[in-house]
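Residue-level structure breakdown
What follows is the residue order along each chain.
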Amino acid sequence: SNSSDLSPSFILASIPGLEAAQSWMAIPLCCAYVLALAGNGTVLLVVRTEPSLHAPMYFFLCMLAAIDLALATATVPRILAFYWFGTREIGFGACLLQMFLIHTLSAIESTVLLAMAVDRYVAICHPLRHAAILTNAATAKIGLLAVARGVLFFLPLPLLLLPLPFCGSRVLSHSFCLHQDVMNLACANTTPSVVYGLTAILLVMGLDAVLICLSYLLILKAVLSLAAWRERLKVFSTCIAHICVVLAFYVPLIGLSVVHRFGKDLAPLVHIIMGNVYILVPAVLNPIIYGVRTKQIQRRILSLIHVNAG
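Residues numbered from 1 in each chain as written. Predicted model: local features only at pLDDT ≥ 70, side-chain atom pairs only at ≥ 80, totals over all residues. Heavy atoms only, no water.

Here is the rule: UniProt positions are given in the numbering used here, feature names are shortened, and annotations may be inferred rather than shown by experiment.
As recorded in an unreviewed UniProt entry, the protein chain goes by the name Olfactory receptor, listed as coming from Malurus elegans. Taken from UniProt, the Sequence similarities (unreviewed entry) comment for the protein chain reads in full: "Belongs to the G-protein coupled receptor 1 family."

1. Details of the overall build of the protein chain
Put simply, the rule reads: Each helix corresponds to a stretch of at least 4 residues labelled H or I by DSSP, and each strand to a stretch of at least 2 residues labelled E; elements are numbered beginning at the N terminus. Atoms counted for the radius of gyration: C-alpha only. Globule rule: 2.2 Å times residue count to the power 0.38. Classification of residues uses two cut-offs on accessible area relative to the type maximum, computed with a 1.4 Å probe and protein chains only: under 20% is buried, over 50% is exposed, and between them is partly exposed. The contact rule is simple, with two residues in contact once any of their heavy atoms fall within 4.5 Å. Each accessible area is a Shrake-Rupley estimate made with a 1.4 Å probe; only the visible protein chains count as cover when residues are assessed.
Within the protein chain, the secondary structure is distributed over 13 helices and two strands. Its C-alpha atoms give the protein chain a radius of gyration of 21 Å, within 12% of the compact-globule value 19 Å for 310 residues. Once the C-alpha set of the protein chain is aligned to its principal axes, its extents read approximately 70 × 50 × 35 Å. Put simply, the protein chain has 310 residues, and 44% of those count as buried. Here the analysis covers contacts within the protein chain between residues at least 6 apart in sequence; of these, 80% occur between residues at least 24 apart. For the protein chain, the accessible surface area stands at approximately 15300 Å², while carbon and sulfur atoms represent 72% of it.

2. Re the packing of aromatic side chains
To keep things clear, this is the line we draw: Pairing of aromatic rings covers Phe, Tyr and the six-membered ring of Trp, with a centre-to-centre limit of 6.5 Å; geometry is then stacked below 30 degrees between planes, edge-to-face above 60, and tilted otherwise. In our convention, an over-ring charge means Lys NZ or Arg CZ found within 6 Å of a ring centre and within 35 degrees of that ring's normal.
Per the counting criterion, the structure on display carries five aromatic pairs. Here Phe10 and Phe166 contribute two aromatic rings whose centre-to-centre distance is 5.2 Å and whose plane-to-plane angle is 90 degrees, an arrangement assigned as edge-to-face. Residue Phe10 is located in strand E1 (residues 9-11), and its partner Phe166 is located in the loop between helix H7 (156-161) and helix H8 (179-183); the two are separated by 156 residues in the primary sequence. We classify Phe10 as buried; its relative accessible area is 0%. Judged by relative accessible area, which is 0%, Phe166 ranks as buried. Put simply, the rings of Phe10, Phe92 and Phe166 touch in pairs and so form one group of aromatic residues. One residue, Arg232, lies across the ring of Trp229, its end atom 4.6 Å from the ring centre.

Structure follows, in structure tokens:
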């Protein structure tokens, strides 16, 4: 009807033949969400309460933790409501808001990962200038720039979809709203939305990935110039945690993009799993990676556990 076209709603994806098992499938999803909340919340608490961690690298880590908390909270509770209570329909406005948050927060996270790569480059290649270049004030400005960049680049996505009619199928490929997924359901010309969406992805995530690789090429060049292998390994080991976090972000992102582009004939389960991996893997792994690789964070966590136990 015309009224439903003006304010459409969408149907979240379920797994054909496994609808009855979705309540059980929600349990590991809920556990991963709780783990993400606990891990990232702990990182924020540890850095806030430990003065020795008030440095740019740990402030960037706090930004990652806050982004992962926001991204998981913008999606997982809605997915759990669907799996447990059958609330499969999502309104047009709520879908566009969720879509905007997912893409904007992902863009902010990509920018922060680039800033962390630059931090590692300056710390290794220009150690005497590190404190002067990456001050706390500069770190705060980078955080504000990351937020502004994400909002400015991805705010047009929902605005481009807002006037489009949706008169056919409204069943999404995932249990949450993504731009390409919603755009494919429109029964109108979506060329402007396609072109802008691809441009935004390339200018944000694509450019960031290239610059991160360039940073590590320069770091590798500096490390290989060191005489002793032991010294090379010691210096490069300071980058291992960041490299793992970058992979945890970009591998699911690329996998989801490939599934969207070439996976139209794949089983719905693949789309749903890739979507959930994209949302939850960085949020779960990031605090674990930095908790394992950073002795200062380990010591502070153990001291907090000891104080609470006492």
